[in-house]
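Structural overview for review
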Amino acid sequence: MRGGQSQNQNKSKNKLPFRLRLTVGAVFLFLLAIGARLFILMVLEHDFYTALAKGSQEIYSKLVPQRGKIYLQDKNQGYYPLAINRDFALVYANPNRISGETEVNEVVSKLENFFDWKKKERKEILDKLTKQDDPYEIIKQKVNLSKAKKIKKEEISGINTSKTSYRYYPEKSLAATTVGFLGRNKQGEKVGRYGAEGYWDKKLSGQRGFLSGTRSASGSVIPFNTEINQAKDGANIYLTLDRTLQYQVCNLLKQSKKKYKAEGASLVIMNPNNGSIEALCSLPNFNPNQYGEAETVKKYNNSSIYQPYEIGSIFKPIVMTAALEGGVVSPDTSFKDPGVVKDICDSPIRNSRSKVYDKTDMTGVLEKSINTGMVKVAKLLGKKDLVNYIEKFGFGTKTGIRLNTERAGRIDSLYINKGNKIDCYAATASFGQGITATPIQMVAAYSAIINGGKLLKPYVIEKIKYPSGNKIKTKPKQIRRVVSKEKARLAQAMLVSVIKNGHADSAGVRGYQLGGKTGTAQISKDNARGYTDETNHSFVGFGPAKNPKFVMIVKFHKPDQRFSSQTAAPTFGEISEFLLDYYQVAPKK
């Protein structure tokens with residue numbers, strides 16, 4: 001019995017348990033299936049998958065739309081590209097394939113033949129290449145394709161390249177705050193940021209394509225039954241900006257900013273007859289090809305449309321024009337300057353440098369920029385009409401220029417007290433204190449004076465052109481009539497006199513009649529009442545007087561001079577001289 005039991009036990013030991021045998025069999029069948037599948041893929045269907053691999057770039061191009069281009073106006077070429085798509089190479093490393101310190105140093109030495117690295121950058125590359133457990137490290141983006149080809153030819157251990165399409169800005173920092181840039185959102189998707197890229201992102205990005213067809217049990221698309229629904233490329237955007245003007249006037253502004261040691265500068269040139277923006281400058285600037293290198297995100301915003309500020313005396317012609325339209329004053333209405341107004345605000349209202357002027361008229365009030373004179377004008381007009389005209393001129397609301405990050409100035413203080421009596425808020429607003437506006441709002445308001453009383457909507461998009469050939473062209477739009485043609489002409493003549501006889505003589509150009517107004521405004525304190533000793537300087541003007549071709553604002557933030565007559569006015573004159581020549585306006589003999 002014992003012998004029989006022993007033999008049965010040995011047989012039992014040599015025999016694998018049923019579950020284990022079942023598992024081994026399943027693994028064997030699985031490996032056999034993989035082998036069969038590899039045989040099919042590598043031998044029987046080799047030609048098909050090779051063709052599919054070769055066509056991957058073609059399929060990609062059909063599924064991913066091309067982003068639309070952005071163009072500038074160019075007198076010689078018609079249009080000039082400001083934002084395009086361009087192929088570059090990405091150079092990357094697989095540190096897993098680079099073994100040991102010696103080989104790492106060899107790789108870095110070979111790469112240095114192609115890249116001019118600083119000491120810090122070289123160390124960063126060394127650190128990347130020593131990550132032995134990391135299969136992917138970016139060495140350099142946006143590498144010229146010819147250079148990438150040479151790198152590939154060197155066959156450097158663990159170094160590879162791949163072709164990638166990037167957004168490219170041929171003009172670099174020119175009109176950067178107007179065009180914006182192509183960045184990424186939190187999900188890593190490419191999206192337009194700021195300027196035209198941000199505002200028109202959906203139009204520019206187009207519509208993605210997709211694959212459709214029969215799916216396998218695993219959910220993947222069966223290649224033989226697949227259809228490609230092709231992508232729709234983005235539309236092209238054509239700006240109203242003139243390339244030559246943009247380059248020249250922004251360069252002159254940059255020189256003046258440096259000369260007056262200003263922290264920032266803005267400039268807008270608008271055609272007062274149709275509302276088109278022909279130049280739009282914002283300094284400091286940035287290069288959208290390397291937008292990540294900007295010291296602060298503030299550089300991305302176009303200060304001409306984004307940064308409201310207390311405008312100061314350039315607001316006086318707006319109130320004066322309203323008073324002309326209201327019939328409460330005429331250009332020769334007399335005014336005796338009391339030097340101080342004590343009965344409206346807690347603190348007395350005085351003229352700049354506490355000056356007291358002799359008897360003058362309303363034209364003289366603008367020429368000499370008399371604060372007390374403007375308070376008198378506001379009293380004659382009454383608060384209700386004053387606020388009504390300020391709103392009619394477009395203040396307190398956005399212009400709707402159709403660029404990202406436009407902001408409206410604020411006139412909230414004018415709504416605090418009801419009634420028709422001029423209070424402190426209305427009195428100080430009459431000379432541009434206590435309310436804010438952007439440079440683009442000021443240019444639009446002045447254009448309403450210069451073109452005969454019509455407030456036009458500023459526009460910077462000339463047209464949008466779709467891949468189908470369809471075009472949408474911007475038509476000039478009159479928002480409303482603000483004042484009559486007759487009263488607008490009177491105000492225009494007063495502004496000509498300001499340059500000819502007043503504080504703004506440095507804004508003049510010999511042989512031409514120009515009009516405009518200076519504005520020096522103290523900057524209010526942050527989170528506290530009152531003002532600092534720092535100032536914003538502005539000048540808004542137009543030319544020529546008989547048949548105006550342009551309205552322009554020049555603004556400096558915190559310059560080192562005391563008054564705008566020393567900074568913004570002469571800069572306006574210098575740029576106007578260039579503009580008049582560019583527009584081929586002959587001087588008077």
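Below is a short write-up of the structure. Source: prediction; values computed, not measured.

A complete count under the given rule lists 13 salt bridges for this structure. Note that Arg 243 is salt-bridged to Asp 74, the shortest N-O span being 3.2 Å. Pair noted here: Arg 243 is in helix H11 (residues 243-259) and Asp 74 is in strand E1 (residues 70-74), with a separation of 169 residues, a long-range link. Notably, a salt bridge pairs Glu 112 with Arg 122, separated by 2.7 Å at the nearest N-O pair. Note that Glu 112 is positioned in helix H5 (residues 100-112) and Arg 122 in helix H6 (residues 119-129), a separation of 10 residues in sequence. Given a relative accessible area of 31%, Glu 112 falls into the partly exposed group. Through salt bridges that share partners, Arg 67, Arg 167, Glu 197 and Asp 201 make up one connected network.

Next up on the list: the pairing of strand E19 (residues 461-465). In terms of burial, E19 is largely enclosed, as 4 of its 5 residues are buried. Judged from the 4 bridges that link them, strand E9 (residues 236-242) and E19 form a sheet pairing that is antiparallel. Directly across from Tyr 238, in E19, lies its bridge partner Lys 463. Pairing of E19 with strand E20 (residues 471-473), which is carried by 3 bridges, proceeds in the antiparallel orientation. Pairing of Lys 463 across the sheet is with Lys 473, part of E20. Adjacent in sequence and paired antiparallel, E19 and E20 are bridged by 5 residues, among which Gly 469 carries a positive phi angle near 105 degrees.

The next point concerns the packing of aromatic side chains. The final tally for this structure, using the stated rule, is 20 aromatic pairs. Measuring from ring centre to ring centre gives 6.0 Å for Phe 181 and Phe 286, while their planes differ by 85 degrees; the resulting arrangement is edge-to-face. In this pair, Phe 181 sits in strand E5 (residues 181-184) while Phe 286 sits in the loop between strand E11 (277-283) and helix H12 (303-306), placing the two residues 105 residues apart along the sequence. You can call Phe 181 buried: its relative accessible area is 4%. Here Phe 181 and Tyr 291 contribute two aromatic rings whose centre-to-centre distance is 4.1 Å and whose plane-to-plane angle is 15 degrees, an arrangement assigned as stacked. Remark: Tyr 291 occurs in the loop between E11 and H12 and Phe 181 occurs in strand E5; sequence separation between them is 110 residues. Among the residues examined, Tyr 291 registers a relative accessible area of 27% and is labelled partly exposed. Within the aromatic cluster, the residues linked to one another by ring pairs are Phe 539, Phe 550, Phe 572, Phe 578, Tyr 582 and Tyr 583. Directly above the aromatic system of Tyr 582 lies the positively charged group of Lys 75, at a separation of 4.1 Å from the ring centroid. Across from the ring centre of Tyr 306, 4.7 Å away, lies the NZ or CZ of Arg 407, which sits over that ring.

Definitions and cut-offs
Residues numbered from 1 in each chain as written. Predicted model: local features only at pLDDT ≥ 70, side-chain atom pairs only at ≥ 80, totals over all residues. Heavy atoms only, no water. Salt bridge = Lys/Arg side-chain N within 4 Å of Asp/Glu carboxyl O. Helix = DSSP H or I, 4+ residues; strand = E, 2+ residues; numbered from the N terminus. Buried < 20%, exposed > 50% of the residue type's maximum accessible area, 1.4 Å probe, protein only. Pairing = 2+ DSSP bridges. Phe/Tyr/Trp six-rings, centres within 6.5 Å; stacked < 30°, edge-to-face > 60°. Lys NZ or Arg CZ within 6 Å of the ring centre and 35° of its normal.

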